[in-house]
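Read off the chains here:
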There are 2 protein chains.
Amino acid sequence: MTDSPPTSSLTSFLEVASDHPFPIQNLPYGVFTPPETTVPRVGVAIGDQVLDLATLNNEGVFDVPELQNERPFAQPTLNDFMALGPSAWSAVRSRLQALLRADTAELRDAASLRNRVLHPRADVSLRLPVDIGDYTDFYSSKQHATNVGTMFRGAENALKDNWVHLPVGYHGRASSVLLSGQDVRRPCGQTRPDADAPPVYGPTQLLDFELETGFFVGEGNELGTPLSIDEADDQIFGMVLVNDWSARDIQGWEYEPLGPFLGKSFATTISPWVVPMAALEPFRVAGPTQDPEPLDYLQADGDAAYDVTLEVDLETPSMTSPHTVCRSNTKHLYWTMRQQLAHHTVNGCNARPGDLLASGTISGPTEDSYGSMLELSWRGEEPVSLPGDETRSFLEDGDRVIMRAYAQADDYRVGFGTADGRVLPASCA
Amino acid sequence: MTDSPPTSSLTSFLEVASDHPFPIQNLPYGVFTPPETTVPRVGVAIGDQVLDLATLNNEGVFDVPELQNERPFAQPTLNDFMALGPSAWSAVRSRLQALLRADTAELRDAASLRNRVLHPRADVSLRLPVDIGDYTDFYSSKQHATNVGTMFRGAENALKDNWVHLPVGYHGRASSVLLSGQDVRRPCGQTRPDADAPPVYGPTQLLDFELETGFFVGEGNELGTPLSIDEADDQIFGMVLVNDWSARDIQGWEYEPLGPFLGKSFATTISPWVVPMAALEPFRVAGPTQDPEPLDYLQADGDAAYDVTLEVDLETPSMTSPHTVCRSNTKHLYWTMRQQLAHHTVNGCNARPGDLLASGTISGPTEDSYGSMLELSWRGEEPVSLPGDETRSFLEDGDRVIMRAYAQADDYRVGFGTADGRVLPASCA
């Protein structure tokens, strides 16, 4: 690892500001529908434009064997491309960077082709980029698990015995994973606000966000054939931001003994652009020391944490611009993505292309780095101060939550798209 | 409700014995590939034959508007047909029963058509009939929850407070839902057999089955728009048997606080034929009294339990024929399927066509009706006696578990296909 942030002299013929999230070093994948058509296809973001990979492939610009037989870009999801595996991803990325370089004339000087394959971001509509077969949510921030455990079980009993030995996780709900920008209706459900009275039906009173990242699986594995941790590292296609919206009162009443269910399943928002792991490779860092040492199947050489800055902005109906309520970093995660995927398959469970594995709430060591309102307001005991004398303990109707993320190099940044959603009022029966 | 079992004079021109699982009163749906082709399609089982609905529809025998525009039977899954909703299901079923009646000449006397649309079951290959978007597993047998709670927390604290107020459930793993007949490899994983020593890696020592039924969702609901309990009742397409294979030691170490994960996700076996709810309608009965009375969104008029006999057979490598180790009944379930589906969507979570909702282990009130080895052997304290002086506390390599189910009328039975699987030895790294 280098001690200083990575630098790069790689530049595109398309002008991209140095603080733009989508420089040539990033090239995140998404699915979009161009103007004047209804056929979605795979694209990459470059600056404020979207490059149409389906049309590029039709033009024969890729000399990648896997792309000749399959048509992975002329699809409404990234799944087929994810299923091609690391060598195809690498070949496509190299070719795209070569095509977009400032010193390559091939696309730069081909005005007609450029018109057909490059669209202003504002002119296209984005779609949920992946058909998510299974969505798994982990619980991999030690600070978050400690905070929540302290609030609900006391400081002495905050972490369960298993937490330091394996990446605790659970199956989430795939059907309600939403594209950024979609509003989220405050859920109704059953809660028991008074432990001495029967439960009641109504809107959640404790609506929350959870700041997470997630990754998508590439080829995956056959049932009964676990991925080693090194194989797992190669099977991580790319990352998105994840807002794991949570209704704390519904969750608190339902979760024993089988875990979170309706307190989570009403909505999970992801960012639209999948940042390839190759773009994040320069930002690998050492994660927290793992003590006790994990079992062999969870051990591998080399750094596997990532230095990605995370921010959560909140905008209430009375505010004129968003206010940052949390600053965190993925490097705080105790369990790495390759450990999560190796653990997930150790029992033979098959991961499929496009499966989403999320980190769990990423809370840092300081109070302003906690990744949920539950922690930021410490269960409402210390409401969060906002501009204009407003405060918040949990989310109110009309509140908008915007998550951002980026890895910062000397002269560029690899940004994530935002995970953005506004709370609509409940409509309980 | 009638007091005596339902009877029927409906008979098919195809001879079906009165104890056969698939009479004309049943007509369960599956997906099969006929001999001499590789194109899967939807069929129904009638006696020992399979009727090809895709070919029948091509012949124009269905006068059902939804089938003209769509081709729901020329598909590798039932999802498109499930999505058409109750009126289409009802129209297709009526037409099929009319076509197969002994006193209808249309198909009976059309030798050429019969040859093309009817195949001996032994000549076709069956497939997993549904693309399962999300799989949810409930915990709806009070006896099972009480048994497990008693073993792990003591009799006083067996049921958590929430259990009698809502159908407790959790998200399961969709990728590893398997068709009956597929072998199941004993999973490897992390356990902590000695609480005073570090956890270890290796094959599960406590492999178990769980006797369950499951149902598939029809049209489902839009995100943010819950199904009322009456709507939920109409959206249940049909039922299958479910063996929710479990590794008790992996589960016991991992499950706090987020619930079951790798202890379950290595395999879930379902029976191949989806029994339509219309076939089970004559077998509706009152379920257990629900006390306390559930909240309004979980209340509806009329019986919603089903009198379906369940059996689990075990065949060890040294046995020459299977031995029944459990006899139970779906009528023992405390929470009904319509309550499960209404609860699942009460927070706005969207159910999609083909989602699978399973019951949880169905244990009856007597010791021989417990639906898992954990309960039958009471955690190994009372091993189950088998023929030939064998005993079992949990499953051993080579053991085969066969689940059967049927609803019995006076002169016919509505049977389920079997959920059948054999345990392969582990192959841990």
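Residues numbered from 1 in each chain as written. Chains lettered and ligands numbered in written order. Predicted model: local features only at pLDDT ≥ 70, side-chain atom pairs only at ≥ 80, totals over all residues. Heavy atoms only, no water.

Within an unreviewed UniProt entry, the label attached to chain A reads fumarylacetoacetase, and the organism entered is Salinibacter ruber. Recorded in UniProt under Sequence similarities (unreviewed entry), the annotation for chain A is "Belongs to the FAH family." The record in UniProt for chain A states the following under Pathway (unreviewed entry): "Amino-acid degradation; L-phenylalanine degradation; acetoacetate and fumarate from L-phenylalanine: step 6/6." (UniProt positions renumbered as here; feature names shortened; annotations may be inferred.)

Visitor: I tried to follow the UniProt feature "binding site: Ca(2+)" (unreviewed entry) in chain A on my own but got confused; where do I start?
Guide: Residue and element names in this part refer to chain A. Per the UniProt annotation, the sites labelled "binding site: Ca(2+)" (unreviewed entry) are Asp-137, Glu-210, Glu-212 and Asp-244. For the residues just named, distributed over 108 residues, the greatest C-alpha separation is only 11.3 Å, placing them together at one site. For the largest pocket, the lining residues drawn from the annotated set are Asp-137, Glu-210, Glu-212 and Asp-244. Considering the arrangement of structural elements, one finds Asp-137 in strand β6 (residues 135–138). (1 Å grid on protein atoms, 1.4 Å probe; cavity = no way out; pocket = protein on both sides within 12 Å on 5 of 7 lines; lining within 4 Å. Helix = DSSP H or I, 4+ residues; strand = E, 2+ residues; numbered from the N terminus.)

Visitor: What exactly am I supposed to notice about the nonpolar core here?
Guide: Where a protein is soluble and globular, its nonpolar side chains tend to be buried together. Within the largest apolar cluster, 150 residues are counted, with the highest numbers of intra-cluster contacts made by Leu280(A) and Leu280(B). Dropping the residues within four chain positions of it, Leu280(B) is found in contact with Met239(B), Val275(B), Tyr306(B), Val308(B), Ala407(B), Val414(B) and Phe416(B). (Core = buried A, V, L, I, M, F, W, Y, C linked by side-chain atoms within 4.5 Å. Buried < 20%, exposed > 50% of the residue type's maximum accessible area, 1.4 Å probe, protein only. Contact = heavy atoms within 4.5 Å.)

Visitor: I tried to follow the packing of aromatic side chains on my own but got confused; where do I start?
Guide: Counted under the stated rule, the structure contains 26 aromatic pairs over all chains. Seen in terms of ring centroids, Phe73(A) and Phe81(A) are 5.1 Å apart; in terms of plane orientation they differ by 55 degrees. Their pairing is tilted. The pair Phe73(A) / Phe81(A) is uniform in exposure class, with both members buried. Ring centres 6.0 Å apart and planes at 85 degrees place the aromatic pair Phe138(A) and Phe261(B) in the edge-to-face group. In this pair, Phe138(A) sits in strand β6 while Phe261(B) sits in the loop between α9 (248–254) and β16 (268–270), so the two residues belong to two different chains. Residues Phe138(A) and Phe261(B) agree in their burial class; the two are buried. Through successive ring pairs, a cluster of aromatic residues spans Tyr29(A), Phe62(A), Phe73(A), Phe81(A), Trp89(A) and Phe237(A). (Phe/Tyr/Trp six-rings, centres within 6.5 Å; stacked < 30°, edge-to-face > 60°.)

Visitor: What am I meant to see in the interface of chain A and chain B here?
Guide: Where interface size is quoted, it is often the accessible area lost as the parts come together. Of the residues lining the interface, 56 residues belong to chain A; the matching set on chain B comes to 56 residues. In total, chain A and chain B occlude about 5400 Å² of area from one another, counting both sides; carbon and sulfur atoms represent 60% of this. Counting every contact that joins chain A to chain B gives six salt bridges. Across the chain A-chain B interface, the total number found is 28 residue pairs in polar contact (both at pLDDT 80 or more). Counting residues per element, the ones that place at least two in the side of chain A that touches chain B are β6, β7 (169–171), β10 (188–191), β11 (200–203), α9 (248–254) and α11 (337–345) of chain A. Here the side of chain A that touches chain B is built from residues that sort into 27 nonpolar, 18 polar and 11 charged. (Buried area = accessible area lost by both parts, 1.4 Å probe. Salt bridge = Lys/Arg side-chain N within 4 Å of Asp/Glu carboxyl O. Polar contact = N/O pair within 3.5 Å; in protein donor to acceptor, adjacent residues only side chain to side chain. Nonpolar A, V, L, I, M, F, W, Y, C, P; charged D, E, K, R; others polar.)

Visitor: Quick question: what am I supposed to make of the pairing of strand β2 (residues 41–46) of chain A here?
Guide: Side chains on a regular strand alternate between the two faces of the sheet. Residues and elements named next belong to chain A. Where burial is concerned, most of β2 is hidden: six out of the six residues are buried. Bridging between strand β1 (residues 29–33) and β2 involves four bridges; their strand directions are antiparallel. Note on β2: the bridge partner recorded for Val-31 is Val-42. Pairing of β2 with strand β3 (residues 49–52) involves four bridges; the strand directions are antiparallel. Bridge pairing in β3 places Ala-45 opposite Val-50. (Pairing = 2+ DSSP bridges.)

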